[in-house]
Amino acid sequence: MKVEEDPLLTTSELPLTYRLTGARVLLITNVAVNFSFQGFNAISSTFYNDYMNFSQNLSSFFTNFFFFLCYGSALIGGVIADSFIGHVKNQFYGFIAIFVGMSLVIISMLIKSTLHYTTTWLLFIGILFFTIANGIVKPSSTTLLGDQFLPHESAQRSVYFSWYYFTIQLGAVGSSIAISILFQQFKPLLPFAILWGFTGIIIPLYYAPSSYYKKKLPGSNVLVSFLKILWAGMTLPRDPKEEHWLDKACSVYEPSKVNDTKVALRTLTIFSVLPLFWAVYFQIYSLWVFMAKNMDRKIGKFTLPASQVTVLNPIIDLFLIPFLSKAIYPAFEKCGLPLSPLKRMTGGFIFCAAALVISALVELKMEHTHKQISIFWIIPQFVLISFAEILLSVTAYEFAYTQAPKNMKGMLSALFLLTVAVGNMITALLALIKLKKYILYFILAGITCAVMIIFIFIARNYSYTEDTDEDLNAVSYTHLTLPTKRIV
């Protein structure tokens, strides 16, 4: 079969063997992307605190504020990819911007170490570039991976989405361990130079085999169309015979686009309660790092860097992802109690609330104990938040793709990531509140339980969308080398 000469611009029907090759390359690329991204995240709080001499509260604020910018910019990336340049080019240009951002950070550090001149403005411009570019590519990474599979290949797609999350954690484990140790032992320039090297590797690694990717050409400006239909639904007079408040928009816009907007809006109601979970989860990189900093981190003769505590999350995830997908989910299915995506997400809220309660109890123990308690006391809350993350986040990634209309997949993935941005802004603001941490955690646990109840009512009325596509029959089959058992 002839492969197109311009891998970034053209699209075609590729056989499954080609598409699986493309999917595997995307997974490998994802390891490198997350090595650089998660490596920076692992040391960001201590970097601001030790290198920039910011207070712990201000360091936590900046950590979560840049997370907010990252995931907030995902909406820009999703719209650009869906409407203008496609997901392959969106990622390619985004990876170049990531490399440029980290290059500016390195230049700033070189100026400080050689000329003894502080260029904080250049450093923050670099971090800004690096952060926003990472956000722009995120909706394309999941959408492009999902695009490699046709609707009746949903079992393979489900497996690859789990592998996608697995590669995120694989990159995070390697970088969190290595970068945290290097940051403690050496000046920041060395660990940041390693992160810079990985941002450079990503570009050829992604581009070289791009002719193997199945691509979907961009369509019209889906966000503008979505907003116009919503506006028409809110402002046009309603006919009593119409069943849905958006039906009246059919007099102005194509019924198919109105229906797509209904589907997207229904999916967004599920996402509306997710920011609270992310507000809890991203404390791993800020408040929980400083919790670890106030603990006894000696393990034998080795003192664990406080920033390295974040590696617990991806390590636990590496074990939990196959455990849940290969043991727990099939066991429930054999018992006649299959765990639908929305049931899994409900379970995620339960684990999230439990993690907060444990965090509060640990804070109480630290406050009423005269000597520092062992770092091992922090492990239970990491185990619980990791369970919550997999049940909520892994499930929601695929949910966002499968439930989105085919021309809105990037936008819906971006809107899902926007919930991460809102959650981080909540965490950033919480870091500035002068409140005893155990009180804060108990309050958040109560709010999480209330949100879970709201989520259950929303989920009960949700009707799943069938994943269909025009090119249903245009495929040839080969055997997968990865497991093909359906997870959902």
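Higher on the page you've got the structure.
Let us look at the structure shown here. (Residues numbered from 1 in each chain as written. Predicted model: local features only at pLDDT ≥ 70, side-chain atom pairs only at ≥ 80, totals over all residues. Heavy atoms only, no water.)

1. Let's talk about the packing of helix 5 (residues 154–185) against helix 13 (residues 379–403)
Then, in step 1: Packing of helix 5 against helix 13 leaves a shortest axis separation of 10 Å and a crossing angle of 130°. With respect to helix 13, the axis of helix 5 lies oblique. Relative to helix 13, the crossing made by helix 5 is right-handed. In this structure, helix 5 contributes Arg157, Ser158, Phe161, Ser162, Tyr164, Tyr165 and Gln169 to the contact, and helix 13 contributes Glu389, Ser393, Val394, Tyr397, Glu398, Tyr401 and Thr402. (Axes fitted to C-alpha atoms, helices over the stretch in contact; angles between N-to-C directions. Helix = DSSP H or I, 4+ residues; strand = E, 2+ residues; numbered from the N terminus. Parallel < 35°, antiparallel > 145°, perpendicular 65-115°, else oblique. Left-handed = near helix turned anticlockwise from the far one by under 90°. Contact = heavy atoms within 4.5 Å.)

2. Notes on helix 11 (residues 312–334)
Then, in step 1: Helix length check: helix 11 (23 residues) gives 31 Å between terminal C-alpha atoms against 33 Å at 1.5 Å per residue, within 8%.
Then, in step 2: Within the sequence span of helix 11, burial applies to Asn313, Pro314, Ile316, Asp317, Leu318, Leu320, Ile321, Leu324, Ser325, Tyr329 and Pro330.
Then, in step 3: Buried residues along helix 11 sit in contact with helix 5, helix 9 (274–281), helix 12 (341–367) and helix 13. (Expected span 1.5 Å × (residues − 1). Buried < 20%, exposed > 50% of the residue type's maximum accessible area, 1.4 Å probe, protein only.)

3. Digging into empty space enclosed by the protein
Then, in step 1: Throughout the structure, instances matching the rule amount to 5 cavities of 30 Å³ or more.
Then, in step 2: The volume enclosed by the largest cavity comes to roughly 370 Å³.
Then, in step 3: In terms of lining, the largest cavity is formed by 35 residues, of which the most central are Asn34, Lys138, Tyr164, Ile168 and Tyr397.
Then, in step 4: Broken down by class, the residue content of the lining of the largest cavity amounts to 22 nonpolar, 11 polar and 2 charged. (1 Å grid on protein atoms, 1.4 Å probe; cavity = no way out; pocket = protein on both sides within 12 Å on 5 of 7 lines; lining within 4 Å. Points joined across faces, edges and corners; volume = space filled by probe spheres on them. Nonpolar A, V, L, I, M, F, W, Y, C, P; charged D, E, K, R; others polar.)

4. Some remarks on a nonpolar patch on the surface
Then, in step 1: A contiguous nonpolar surface patch, about 550 Å² in accessible area, is contributed by Tyr93, Ile96, Val100, Trp121, Ile125 and Phe129.
Then, in step 2: Looking at the nonpolar patch, the elements with two or more residues in it are helix 3 (74–115) and helix 4 (120–147).
Then, in step 3: For isoleucine 96, the position within the fold is in helix 3. (Patch = residues over 30% accessible without salt bridge, like charges linked within 9 Å, V, L, I, M, F, W, Y side chains within 5 Å. Areas by Shrake-Rupley, 256 points an atom, 1.4 Å probe, with all protein chains shown as cover. Salt bridge = Lys/Arg side-chain N within 4 Å of Asp/Glu carboxyl O.)

5. Some words on the packing of aromatic side chains
Then, in step 1: Under the criterion given, the structure shown has 43 aromatic pairs.
Then, in step 2: Taken together, a centroid distance of 4.9 Å and an interplanar angle of 15° make the contact between phenylalanine 47 and tyrosine 51 stacked. With phenylalanine 47 and tyrosine 51 both in helix 1 (residues 16–51) and 4 residues apart, the pair spans about one turn of that helix. Pair check on accessibility: phenylalanine 47 and tyrosine 51 agree, each one buried.
Then, in step 3: Judged by centre distance (5.2 Å) and plane angle (65°), the rings of tryptophan 288 and phenylalanine 382 are edge-to-face. (Phe/Tyr/Trp six-rings, centres within 6.5 Å; stacked < 30°, edge-to-face > 60°.)

6. Some points on the pattern of salt bridges
Then, in step 1: Inspection of every chain in the model, using the stated rule, returns 4 salt bridges.
Then, in step 2: In this structure, lysine 262 engages aspartate 247 in a salt bridge whose closest nitrogen and oxygen atoms are separated by 2.4 Å. With lysine 262 in helix 8 (residues 255–271) and aspartate 247 in the loop between helix 7 (222–235) and helix 8, this pair connects stretches of sequence that are 15 residues apart. One exposure class covers both lysine 262 and aspartate 247, and it is buried.
Then, in step 3: Residues lysine 436 and glutamate 367 are paired through a salt bridge, measuring 3.5 Å at the closest nitrogen-oxygen approach. On the criterion of sequence distance, the pair formed by lysine 436 in the loop between helix 14 (409–431) and helix 15 (437–460) and glutamate 367 in helix 12 is long-range, its members being 69 residues apart.
Then, in step 4: Taking the relative accessible area as the measure of exposure, lysine 436 reaches 44% and is therefore partly exposed.

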